[in-house]
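Spelled out from the first residue to the last, the chains are:
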Amino acid sequence: MRPKKLLIFAAMVAAIFFSGCNKETVIGLLMDSYETERWERDKDLFTAHVTELGGEVITDVANGDPAVQLQQARKMLESGIDALVIVAVDQNEAAKIVELAHKYNVKVLSYDRLIKNCDLDLYISFDNVEVGTLQADYLTSVCPQGNYALIGGAVTDNNSFLLKIGQMNVLQPLVERGDIRIVYDQFASRWTEEEGYRLMKECLELDQEVDAVIAGNDKLVTGALRAIHEKEIRTPYIAGQDAELLACQRIVGGEQTMTVYKPIEAIAAKAADFAMQLASGDKFTNLNLSVNNGKRMVPAVMLPPMIVNKETIRLTVVADGYLKENKIYE
Ligand code: GAL
């Protein structure tokens, strides 16, 4: 072999040898979309924690399309990942991704949203029933009687139904007592401002007075408020979720009644830890919680959400460094 060729050959052998020795754990992270403020933060914190643990994260985002999410999963699995973390676009469709991952011997962690009817390995989220309970508890404490409108989250997301369970646990006895009437009750097709606007508009077209609105999240509240302002009616009591900056500004300004804060740092850190353990083959038989996804009892962790209103805003989102005080009160 000529000296130059020999050098190239030696370099190639060395590259293969060293990459084999130092193979980093690679975690695939599939996101739904970045439309809701929190998800960029979820991705960044998750990536930072995995990196701290010595792993590497590759990410893709499906922008709300379940078929695209499946394609992205296939590409990641072909590239050789060690574990897969999914924020599912669609709770049912994503089962195909779990099955595919298992064909590649890759374990799957369902992040924030449960994937239904498959052999999912692990699920981490907040207590979403509790989110709904906090919303309805607080709203009925400030508005114990009157007409309520429910604008649910995306129908493709299991969380929307869990929220509804929490809300109805509180509302149903009040409905039966005749204190509350539910005058509107619909789920959104997606978690977007546009959907909040469309549903609230539909609700107001029924020409009934609305005293309180419980919405799946703050994006839906933003859209709902647009429909309310257009109609030039008195702003009802209104609850959301996610502690988005705009929502917190509305809370201190008196336009939104409450939101629910879920510390993203906590879920991202725990998920990073779990993803690395899944990559090393852990089966998580030691968790004391499991959730039925329609096919199996999935080992699970659920973190507690917190209520945010005018009184608790400094003690929650500000104290946690989630949002800056001067931005909220700007
Ligand atoms: C849900 C999540 C909420 C909200 C929503 C829209 O699954 O629990 O916090 O972000 O998706 O993205």
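Structure: above.
My aim in this report is to walk through the structure given alongside it, one point at a time. Quantities reported herein were computed from a predicted structural model and do not represent experimental measurements.

Before going further, it helps to spend a moment on the site of the ligand. Looking at the ligand, the residues that line it are Thr36, Arg38, Trp39, Asp112, Arg113, Asp157, Asn159, Trp191, Asn217, Gln241, Asp242 and Lys262. Measuring from an oxygen atom of the ligand, one finds a side-chain N or O atom of Thr36 at 3.2 Å. Within the contact set of the ligand, an oxygen atom lies 2.7 Å away from a side-chain nitrogen or oxygen of Asp112. Here the ligand loses 98% of its free accessible area of 310 Å² to cover by the protein chains.

Before going further, it helps to spend a moment on the layout of surface pockets. In this structure, the largest pocket encloses a volume near 310 Å³. Asp32, Trp39, Arg113, Asp157 and Trp191 are, among the 24 residues lining the largest pocket, the residues nearest its centre. Elements that contribute at least two residues to the lining of the largest pocket include exactly helix H2 (38–52) and helix H6 (158–176). Grouping the constituent residues of the lining of the largest pocket by class yields 5 nonpolar, 10 polar and 9 charged. Taken domain by domain, the lining of the largest pocket gets at least three of its residues from each of domain 1 (23–120 + 263–303) and domain 2 (128–262 + 308–328). Taken as a whole, the second largest pocket holds about 160 Å³ of empty space. Lining of the second largest pocket is provided by 13 residues; of these, Ile251, Gly254, Gln256, Thr257 and Lys310 occupy positions nearest its centre. Of the residues in the lining of the second largest pocket, the class split is 5 nonpolar, 5 polar and 3 charged.

About the cut-offs
Residues numbered from 1 in each chain as written. Predicted model: local features only at pLDDT ≥ 70, side-chain atom pairs only at ≥ 80, totals over all residues. Heavy atoms only, no water. Near = heavy atom within 4 Å. Polar contact = N/O pair within 3.5 Å; in protein donor to acceptor, adjacent residues only side chain to side chain. Areas by Shrake-Rupley, 256 points an atom, 1.4 Å probe, with all protein chains shown as cover. 1 Å grid on protein atoms, 1.4 Å probe; cavity = no way out; pocket = protein on both sides within 12 Å on 5 of 7 lines; lining within 4 Å. Points joined across faces, edges and corners; volume = space filled by probe spheres on them. Helix = DSSP H or I, 4+ residues; strand = E, 2+ residues; numbered from the N terminus. Nonpolar A, V, L, I, M, F, W, Y, C, P; charged D, E, K, R; others polar. Domains from an automatic or database assignment.

Keep in mind that these numbers describe shape and distance, not what the molecule does.
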